[in-house]
Amino acid sequence: MYRIDIGIDLGTSNVRIFMRDKGVVVEQPSYVAYEEKTKNIIAVGAKAKRMLGKTPEGICVGKPIQHGVISDYSLAERMIKAFVKNGLTKRKIWGRPNICVCIPAGVTEVERRAVEDAVVRTGAKQVFILESAMAAAIGADMDIVETYGHMIVDIGGGTTDIAVISAGGIAEGMSLKCGGDDFTEVLIRYVRRKYNVELGILSAEEAKEAVGSVMKRKNDIYIEVKGKNLLTGLPETIKLSADETVEAFEEVSGQIINAINSVLETAPPELINDISKEGIMLTGGGSHIAGMQKLIATRSQIKVVASEDSESMVALGTGLAGKYIMVQEEIRKSQMEEE
Ligand SMILES: Nc1ncnc2c1ncn2[C@@H]1O[C@H](COP(=O)(O)OP(=O)(O)OP(=O)(O)O)[C@@H](O)[C@H]1O
Ligand SMILES: [Mg+2]
C-alpha cells in the first residue's frame, strides 16, 4: 500500500486538504488576491474571496481553477503551495510528502500535467493523480474493487462529475463543465433581465444558498437582496422568491439531469440494477440547492442518497487512496507484461 501523506481536492470553488492521521484540515475558497503589476500575492482563500468586487485599483482577485482544471498556472501553483504549507502546520510530516490530488474525468493530458507539476513544486516526493469520482467513492467508503455498480453524482462549483463505478474503475461517466457557480451566474442574469438590477457575486451566492431551489416548494419563501439599479446607478433592494429561482435555474438543472440520464442509459443493465438498490450517491456543494435530491430521484426513477460529510468526501478519498492506487498499478503492470 502506498503511504499518502497529503490528499488534495483541488476544487473550482474550494480547495480541501487531507493530512494523514488528521483528516481534512484545510478548507479554503480557491481565490487569490494579487497586485496586478508585480503579481505579488496579497491574500489567498477566504480572505481573498472576501475582497471580491471590493478591491482598490491595481489589486485583482483571481480564481486559478476553472471547471476543475488549472486556468492560471502561476497563481494556482502559489495558491496550492500556500494551502499545503498551512496544512503542514496542522500535522508535521518528516521528509518530502507523498501527495495525491484528484482531477475531473476527461481532462486533457496537458491539463493533467499542469496539476501534477503544480503539486510537484510544493516539494512533493511522489504525486499520484486520481479521478475525482473515484476519490469520492473511496471517501464514501464504497467497496469499489468489487464487481458491483455504484453511482456518484458530484455537483461542484464548476463541474458536475457523474460516474458509474464497478470493479475498480469508471464503467460509464461524464464530467460536465457546469456546476453550482453556474446557478449563481444564471441568477445574476435573471435578476438583471427582470429587475434591471446588477447583483454582486457574493450577494447572488448568498441568495442562491438561502432560497435557491430547483423544484417548487409547497410554500414559497423570499429573500431581500441588494444590488445596483442599472438605470439609475443607485443601490436597490429586491425581493427574490424561491419560485423565481426555479425558473432561473431550469436550464442548468436540466443540463445536469440530462447528463445523469444519459450516463444511466449507456450503463449496462446489471450495474443499473445494483444502483437501483443502493441509490445514487449525491455529493458536492451544488447538491445543497433545495430540491436537487428530489429532482434527480424523480427524473431518474432511482432513489438518491445524500452523503453525510458531503463536502470533504473527495479530499478524504484522495488521502485514503493508497491501497486503491497500489491495486491499479499492479493491474497496469500485469497488463504491460502480457502485451
Ligand atoms: N447551501 C448551499 N446551497 C446552494 N449551493 C451551495 C451551498 N453550499 C455550497 N454551494 C455551492 O456549491 C459550490 C461549491 O461546491 P464544492 O465545494 O463541492 O465545489 P468544488 O469542489 O470546489 O468544485 P468542482 O468540484 O466543480 O471543482 C458553489 O457553487 C457554492 O455556491
Ligand atoms: Mg469538487
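Only a predicted model underlies this, so the values are computations on that prediction, with no experimental measurement involved.

### Things to note about the overall build of the chain
Here is step 1 of the chain: Scanning the chain from N- to C-terminus turns up 11 helices and 18 strands.
Here is step 2 of the chain: Over its C-alpha trace the chain gives a radius of gyration of 21 Å, about what one expects of a compact globule, namely 20 Å for 339 residues.
Here is step 3 of the chain: Judged by the C-alpha coordinates and their principal axes, the chain covers about 70 × 55 × 35 Å.
Here is step 4 of the chain: Scored against the burial criterion, the 339 residues of the chain give a buried share of 50%.
Here is step 5 of the chain: For the chain, the proportion of contacts with a sequence separation of at least 24, taken over those separated by at least 6, is 63%.

### Looking at the side chain of threonine 283
Here is step 1 of the chain: Relative to the assigned elements, threonine 283 resides in strand S17 (residues 280-283).
Here is step 2 of the chain: The contact partners of threonine 283, leaving out residues within four places of it in the chain, are Ile152, Val153, Asp154, Ile155, Ser307, Ser310 and Met313.

### Overview of helix H3 (residues 109-120)
Here is step 1 of the chain: Taking 1.5 Å per residue as the helical rise, H3 with its 12 residues ought to reach 16 Å, and the 16 Å between its terminal C-alpha atoms agrees with that figure.
Here is step 2 of the chain: The complete set of buried residues in H3 reads Ala114, Val115, Ala118 and Val119. Summarising the axial view, the buried residues of H3 lie within an arc of 125°, below the 170-degree limit, and thus occupy one face. Every exposed residue of H3 that faces more than 90 degrees away from the buried side is listed here: Glu109 and Val110.
Here is step 3 of the chain: Against the buried residues of H3 lie strand S1 (6-10), strand S8 (69-70), helix H2 (73-88), strand S9 (98-103) and strand S10 (126-131).

### So, the sheet that holds strand S3 (residues 23-29)
Here is step 1 of the chain: Spatial ordering of the open sheet is given by S3-S2-S1-S9-S10, a layout of five strands whose pairing is mixed. Unpaired on one side and paired on the other, S3 and S10 mark the two borders of the sheet. For this sheet, the mean inter-axis angle between neighbouring strands, taken without regard to orientation, is 20°.
Here is step 2 of the chain: As paired strands, S1 and strand S2 (residues 14-19) are joined by five bridges and run antiparallel to one another. Bridge pairing in S2 links leucine 10 to valine 15.

Thresholds applied
Residues numbered from 1 in each chain as written. Chains lettered and ligands numbered in written order. Predicted model: local features only at pLDDT ≥ 70, side-chain atom pairs only at ≥ 80, totals over all residues. Heavy atoms only, no water. Helix = DSSP H or I, 4+ residues; strand = E, 2+ residues; numbered from the N terminus. Rg over C-alpha atoms; globule rule 2.2 N^0.38 Å. Buried < 20%, exposed > 50% of the residue type's maximum accessible area, 1.4 Å probe, protein only. Contact = heavy atoms within 4.5 Å. Expected span 1.5 Å × (residues − 1). Arc of directions from axis to C-beta. Pairing = 2+ DSSP bridges. Axes fitted to C-alpha atoms, helices over the stretch in contact; angles between N-to-C directions.

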